[in-house]
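One letter stands for each residue in the lines below.
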Amino acid sequence: MSLTVRGLVAGYGRLSVLHGVDLDAAEGRLVAVIGANGAGKTTLLRALSGLIPVSGGTVTLAGADVTGYGPERLARAGLAHVPENRLVFPSLSVEDNLVLGAYTRRRRPAAERAHARDRALELFPRLQPRLQQAAGTMSGGEQQMLAIARGLMAQPRVLVLDEPSVGLAPRLVGEIFAALGRLRDDGLTLVAVEQNARAAFAVADHVYVMDRGRVVLDGAAATLAADPRVTAAFLGGGVSADGGGKPPPATDTAADAGLR
Amino acid sequence: MTDLLQLVFAGLSQGAVYALIAIGFVSVFTVSGVINLAQGEFAALAGLVAISAVGSGLPLPAAAAVALATVAIVAVLMERLTIRPVKRMTTLVSLILTLGVSTALKALMLLVFGPNAEGLTPFTPGGFTVAGVSIRYQELWILAIAAVVASAVYWFYDHTLAGKSLRACAEQPVAARLVGISLGRASLMAFLIAGCVGAVAGVLASPIYFTSWESGLTLGLKGFVAATLGGLVSVRGAVLGGLLLGVLENLTAGYISTGLRDAVAFLLLIVVLVARPSGVFGRHAEARV
Ligand SMILES: Nc1ncnc2c1ncn2[C@@H]1O[C@H](COP(=O)(O)OP(=O)(O)OP(=O)(O)O)[C@@H](O)[C@H]1O
Ligand SMILES: [Mg+2]
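Only a predicted model underlies this, so the values are computations on that prediction, with no experimental measurement involved. (Residues numbered from 1 in each chain as written. Chains lettered and ligands numbered in written order. Predicted model: local features only at pLDDT ≥ 70, side-chain atom pairs only at ≥ 80, totals over all residues. Heavy atoms only, no water.)

Undergrad: Which parts of the structure should I look at to understand unusual backbone geometry?
TA: All names here are of chain A. Residue Ala-62 is not a glycine yet carries a positive backbone phi of 50 degrees. Position of Ala-62 relative to the elements: it lies in the loop between β4 (54-61) and β5 (64-65). At Asn-85, a residue that is not glycine, the phi angle is positive and equals roughly 65 degrees. Relative to the elements of secondary structure, Asn-85 occurs in the loop between β6 (79-82) and α3 (94-101). Residue Asn-85 is classed as exposed on the basis of its relative accessible area, which comes to 56%. (Helix = DSSP H or I, 4+ residues; strand = E, 2+ residues; numbered from the N terminus. Buried < 20%, exposed > 50% of the residue type's maximum accessible area, 1.4 Å probe, protein only.)

As structure tokens, then:
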């Protein structure tokens, strides 16, 4: 299922944050969105999954206009959003977090949900021994895996993720992105907002660069990775395939690199 | 010793009533941040409806069922008409709103049922004495039914998808919406639970403690204090808080002065809010419901 965003305008109350964002994620593609802190990446995901109202533009899922849908309805339409900071349900067990992930599928046959659960655990085998543990007591990396697994329990057609690698050790980052790559290969459409540009470039098909509420640059990952503006601002040297390397630049280097 | 046992027993059965009302506060507060000041009115209304249903010739179980259904409908209507329309609900706004509903319900009860306090016929009249402690059958009914209802609520939150979805809304409302849970429906369900436990409390209490249009005030207050003892977010804490309050009230009335009975709740509330704002039985702030 493809996701198309056209001229999206959104913000918080009077504060306008997104000023007309276009984004295309074709079926079975992994699209990465990078950008400095405060560029509006989280806001973009919130707007397209209905957490904040949209004041202009359209969001289209598989050709159907879903602009203005609330998150509950979008979840039913096949969009899953793995939010910033994971937001697992802390006092509930890992198992129950997964069960709730399949909330929109609660009236479907139990075998379907069991299948989704098996696949999620196959993708993140570290969750298996912790199924009875309270989600809030897990490590940050485990919680991130749980948040993604919970999103997958809805058997979404489009998965959007907000900084799946934040705060994780390089090896875990590699593990998570490898998992995202496998999901893409299975035909899932993914949009990942990412601070760790190296990891994003290593697996993404297409990369969008956002700055101050706008997409300032986009292109195939391989092409963009060679773009001097991008290397200067986000990669700080060559792109490594293992997703490891230096942490992303903390300062706003987009301006220095001539992206504005 | 016999005195002590007698006071503790009476305190437990009275505390069981507070515990049920406290569960109502907890179920609503965790999901929506609303402190429902009409919770006591749910109990009073159930008592009055049951009394008048018995008065019109219905057998007791049927009267109790009518009372339960009435209060459940009132609770659901209250949520739809006064809570849902509010765009930005804060606890302060909820206090003002629900105080209004509570006042309206009281006026309505006064109008419909008149000013007199009455008692429902006991489920089983009489009682017995064991080891010098006199026990009314109704007190046993209270303890037994409250235990069943509290366990059912606990089981609901722990083992059913609907219960887990309410806990999800309480802990991470944003993530709950993202997995497809509707906060509006969760709030409605929370009020339904609050109405049901409040109604059970009201019907159970009426034969011993009597019911009038204004008994919701005291019941609601005691229930609120009990819930606060448990940190306002835990069913288990609410039950323990209710039982503790009931026992302390009866010990105070028995050993110090009957006049101080109602002061116990306020004293406890002050002590708890000053010393342990998260409640005496509240464990970690995260574990809600
Ligand atoms: N809830 C909110 N209320 C008001 N303003 C907000 C809110 N959330 C974000 N903003 C503002 O919107 C702008 C974009 O924030 P957003 O969270 O989308 O950035 P981001 O690209 O995700 O940044 P980061 O990489 O740090 O996560 C920022 O200026 C921020 O201050
Ligand atoms: Mg962000």
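Undergrad: I would appreciate a short explanation of the nonpolar core in the present structure.
TA: Looking at soluble globular proteins, one finds that nonpolar side chains tend to be buried together. Core analysis: the largest hydrophobic core is formed by 82 residues, its most contacted members being A:Phe89, B:Leu20, B:Ile23, B:Phe42 and B:Ile181. If one sorts the elements of this core by residue count, helix α8 (residues 183-209) of chain B sits on top with 13 residues. Among residues more than four places away in sequence, those in contact with B:Ile181 are A:Glu72, A:Leu100, A:Tyr103, B:Ser165, B:Ala168, B:Cys169 and B:Ala176. With 54 residues, the next largest nonpolar core counts A:Leu146, A:Ile176, A:Leu190 and A:Ala197 among its residues. (Core = buried A, V, L, I, M, F, W, Y, C linked by side-chain atoms within 4.5 Å. Contact = heavy atoms within 4.5 Å.)

Undergrad: Could you clarify how one ought to interpret the sheet that holds strand β3 (residues 30-35) of chain A in this entry?
TA: In sheet architecture, strand pairing relies on hydrogen bonds along the backbone and comes in two forms, parallel and antiparallel. All names here are of chain A. Overall, mixed pairing links the six strands, which are arranged β6-β7-β8-β3-β9-β10 in an open sheet. Only two strands of the sheet have a single neighbouring strand rather than two, namely β6 and β10 (214-220). Averaged over all adjacent pairs, the angle separating strand axes in this sheet is 15 degrees, with direction ignored. Where strand β7 (residues 158-162) meets strand β8 (residues 189-193), five bridges bridge the pair, whose relative direction is parallel. Pairing of Asp-162 across the sheet is with Val-193, part of β8. Against the sheet, helix α5 (residues 140-152) contacts β6 and β7, and its axis sits at roughly 170 degrees relative to β6. (Pairing = 2+ DSSP bridges. Axes fitted to C-alpha atoms, helices over the stretch in contact; angles between N-to-C directions.)

Undergrad: So what exactly am I meant to see when it comes to the coordination of the magnesium ion (ligand 2) here?
TA: When a metal holds four donors in a tetrahedron, each ideal angle between them is 109.5 degrees; when it holds six in an octahedron, the ideal angles are 90 or 180 degrees. Residue and element names in this part refer to chain A. With distances of 1.9 to 2.3 Å, the protein atoms coordinating the magnesium ion (ligand 2) are Thr-42 (OG1) and Glu-84 (OE). Separated by 42 residues along the polypeptide, Thr-42 in helix α1 (residues 41-48) and Glu-84 in the loop between β6 and α3 bring together distant segments of the chain. Under the relative-accessibility criterion, Glu-84 is labelled partly exposed at 26%. (Donors = N, O, S within 2.8 Å, 3.2 Å for Na, K, Ca; no water.)

Undergrad: Where do I start with the interface of chain A and chain B in this structure?
TA: Much of the literature gives interface size as the accessible area that the parts lose upon coming together. The interface of chain A with chain B comprises 21 residues on the first partner and 21 residues on the second. In total, about 2,000 Å² of surface goes out of reach between chain A and chain B, with carbon and sulfur atoms giving 66% of it. On the chain A side of the interface with chain B, the three residues burying the most area are A:Glu72, A:Phe89 and A:Tyr103, jointly 28% of the side's total. The interface formed by chain A and chain B includes two salt bridges. In this structure, the salt-bridge partner of B:Arg177 is A:Glu72, at a minimum N-O distance of 3.1 Å. On the surface where chain A and chain B come into contact, there are four residue pairs in polar contact (both at pLDDT 80 or more). (Buried area = accessible area lost by both parts, 1.4 Å probe. Salt bridge = Lys/Arg side-chain N within 4 Å of Asp/Glu carboxyl O. Polar contact = N/O pair within 3.5 Å; in protein donor to acceptor, adjacent residues only side chain to side chain.)

Undergrad: How should the pattern of salt bridges be read in this particular structure?
TA: Pairs may arise between side chains of opposite charge once their charged atoms sit close together. Residues and elements named next belong to chain A. Applying the stated criterion to the full structure yields 18 salt bridges over all chains. With its nearest N and O atoms 3.0 Å apart, the salt bridge here joins Arg-108 to Glu-112. Arg-108 gets classed as partly exposed once you look at its relative accessible area, which sits at 43%. For Glu-112, a relative accessible area of 22% gives the class partly exposed. Two residues, Asp-186 and Arg-119, come together in a salt bridge whose shortest N-O distance is 2.9 Å.

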